[in-house]
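Below, each chain spelled out in residue letters.
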Amino acid sequence: MASKRDDFKETTKDIMAKRVGYRCSNPSCRKPTCGASDDPNNYSNIGVAAHICAAARGGKRYDPDMSKEERRDIHNGIWLCQTCSKLIDSDDLRYTVDLLHKWKSLSEEIAILDLETASPAQFVEQDKELIRFYIQCFDRPAFRDEIRMEFSMEDFDRAIEDTIIALNTGVLRTRDGSIIKQSEGKAFVQNPDWREKLYNIVDILTAIRRRLNIAARDGSYHQHKNGSEIIYVFHDPQLEIWLNSSREEILRIMSTICKDIGVPELLFPRCRYSW
Ligand SMILES: [Zn+2]
C-alpha cells in the first residue's frame, strides 16, 4: 500500500519554490534555499516544500476534512528553509494556517516585486519610507541612555523586544501597550546593503536580550539607591561596557543608512555622563 502521507508531487514542489524565487517564505528569514555545490554539475538545496495542513494524521495543523488531493495541492504548501520548516512544526498555536498563508502570499508578492526592477526609483522611495519608520523605532530611552541609568531593566528588555518586532514586521507597540501596524518588516527593503544591515541590527538586538536574560538569572546586576537617584550596578564591568557598546554599534550601523538617505545620524548616548 502507498504511504499514508499525502506528499506533494515533484512538479508541485518545483513550482512552489519558483514562485518565491527559491527563498524561504518566512518574511523574517528570506534565506536563499539553493546554490552551487562543489560538484560543478549539481547544486545544494536546503529548501523544503512544507505542508501548511499536515500531510498525515497526527501532524501539525492536520485537517481531517481535507481530501487527499487538497492536502497535496500547491495551495496547501509553503516553501521554507529547513530551519523554518522545523520552526512551524514546533508550535501550531503560533504558526497557524492563516499566518502561513499570509507568509506565502507575502513572499510571492516580494518575489514578483524583485522581478519588476523596471522602476528602481519607486523602490528607492519605498525603501526610504521604511527606513524613516525604522529610525523612529530607535527614538526611545533604550537607545539614549547608558545602561546603568535605566529606570527598570524589565522596561528596557521590552523596549528591545518591541524594536525587534518593529524591524521584523513593521508593527509598533506604543507606550500604552497598544499595537499599530505602521510599516513593513525589513524583508521588504529592496536595497540589499540596507537590508543586510537591518538583519545585523536585529542579530545584535537579539544578543542584547539574551545576555540580559542570563545576567538577570545570574544576578549579575543590582539597583543601587544614591539619594534620590537609582542606578544599576553591574558586577561584571565587561558586560556593562558591552551593553553600551552594542547599542552604540547599532546606532552606528543605522547612521550609515541615515547618511545614505540624507537624514541626521543617530548618536549614543545622547548625552555622555561623567564617570
Ligand atoms: Zn527560513
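The coordinates are above.
Now for a look at the structure at hand. (Residues numbered from 1 in each chain as written. Predicted model: local features only at pLDDT ≥ 70, side-chain atom pairs only at ≥ 80, totals over all residues. Heavy atoms only, no water.)

**What about the overall build of the protein?**
The secondary structure content of the protein amounts to 8 helices and 8 strands. Along the first, second and third principal axes, the C-alpha atoms of the protein reach 80 × 45 × 45 Å. Taking all 275 residues of the protein together, the buried fraction comes to 41%. Taking all contacts inside the protein whose residues are at least 6 apart in sequence as the whole, residues at least 24 apart take part in 64%. (Helix = DSSP H or I, 4+ residues; strand = E, 2+ residues; numbered from the N terminus. Buried < 20%, exposed > 50% of the residue type's maximum accessible area, 1.4 Å probe, protein only. Contact = heavy atoms within 4.5 Å.)

**Here we look at the coordination of the zinc ion**
Only Cys-24 (SG), Cys-29 (SG), Cys-81 (SG) and Cys-84 (SG) from the protein reach the zinc ion as donors, at distances of 2.3 Å. Taken together, the 4 donor atoms surrounding the zinc ion define angles of 104 to 116° at the centre, an arrangement classified as tetrahedral. Counting the intervening residues between successive donors of the zinc ion yields the motif C-x4-C-x51-C-x2-C. (Donors = N, O, S within 2.8 Å, 3.2 Å for Na, K, Ca; no water. Tetrahedral: all angles 85-135°; square planar, octahedral: opposite > 155°, others 65-115°.)

**Some points on the environment of Arg-158**
You can see Arg-158 is positioned in helix 6 (residues 153–169). Spatially, the C-alpha atom of Arg-158 lies 9.9 Å from that of Arg-173, the residues being 15 residues apart in sequence.

**Details of the pattern of salt bridges**
Enumeration according to the criterion identifies 20 salt bridges in this entry. Salt-bridge contacts for Arg-61 lead to Asp-89; the nearest nitrogen and oxygen are separated by 2.9 Å. Here Arg-61 is found in the loop between strand 3 (47–51) and helix 2 (68–71), whereas its partner Asp-89 is found in the loop between helix 3 (82–88) and helix 4 (97–115), with 28 residues between them in sequence. By relative accessible area, Asp-89 is classed as partly exposed at 39%. As a salt-bridge pair, Arg-173 and Asp-162 come within 2.5 Å of each other at their nearest N and O atoms. Of the two residues, Arg-173 sits in strand 5 (residues 171–173) while Asp-162 sits in helix 6, which places them 11 residues apart along the sequence. (Salt bridge = Lys/Arg side-chain N within 4 Å of Asp/Glu carboxyl O.)

**What about helix 6?**
In an α-helix there are 3.6 residues to a turn, and that puts residues three or four apart on one side. Between its first and last C-alpha, helix 6 extends 24 Å over 17 residues, near the 24 Å set by a 1.5 Å rise per residue. Among the residues of helix 6, Met-153, Phe-156, Asp-157, Ala-159, Ile-160, Asp-162, Thr-163, Ile-164, Ala-166, Leu-167 and Asn-168 are the ones counted as buried. Between the side-chain oxygen at the start of helix 6 and the backbone nitrogen of Glu-154 there is a gap of 3.3 Å, and the oxygen is on Ser-152. Once helix 6 ends, the next one or two residues include Gly-170, with phi positive near 85°. (Expected span 1.5 Å × (residues − 1). Polar contact = N/O pair within 3.5 Å; in protein donor to acceptor, adjacent residues only side chain to side chain.)

**Some details on the pairing of strand 3**
Judged by how many residues are buried, strand 3 sits mostly within the fold: 4 of 5 residues are covered. Relative to strand 4 (residues 77–81), strand 3 is paired through 5 bridges, and the arrangement is antiparallel. Pairing of Ala-49 across the sheet is with Trp-79, part of strand 4. (Pairing = 2+ DSSP bridges.)

**Describing the packing of aromatic side chains**
The tally for this structure, following the rule as stated, stands at 5 aromatic pairs. Consider the rings of Phe-138 and Phe-143, whose centres lie 4.9 Å apart with planes at 75°: the pair is edge-to-face. Across this residue pair, the class does not change: Phe-138 and Phe-143 are buried. Put simply, the rings of Tyr-221, Tyr-232 and Phe-234 pair up and form one aromatic cluster. Across the ring face of Trp-242, the terminal group of Arg-211 is positioned such that the distance to the ring centre comes to 4.5 Å. (Phe/Tyr/Trp six-rings, centres within 6.5 Å; stacked < 30°, edge-to-face > 60°. Lys NZ or Arg CZ within 6 Å of the ring centre and 35° of its normal.)

**Details of unusual backbone geometry**
Even without glycine at this site, Tyr-22 takes up a positive phi of about 60°. For Tyr-22, the position within the fold is in the loop between helix 1 (10–19) and strand 1 (34–36). Its relative accessible area of 29% is what places Tyr-22 among the partly exposed residues. A positive phi angle, close to 60°, is found at Arg-61, a residue other than glycine. When its relative accessible area of 9% is taken as the criterion, Arg-61 is described as buried.

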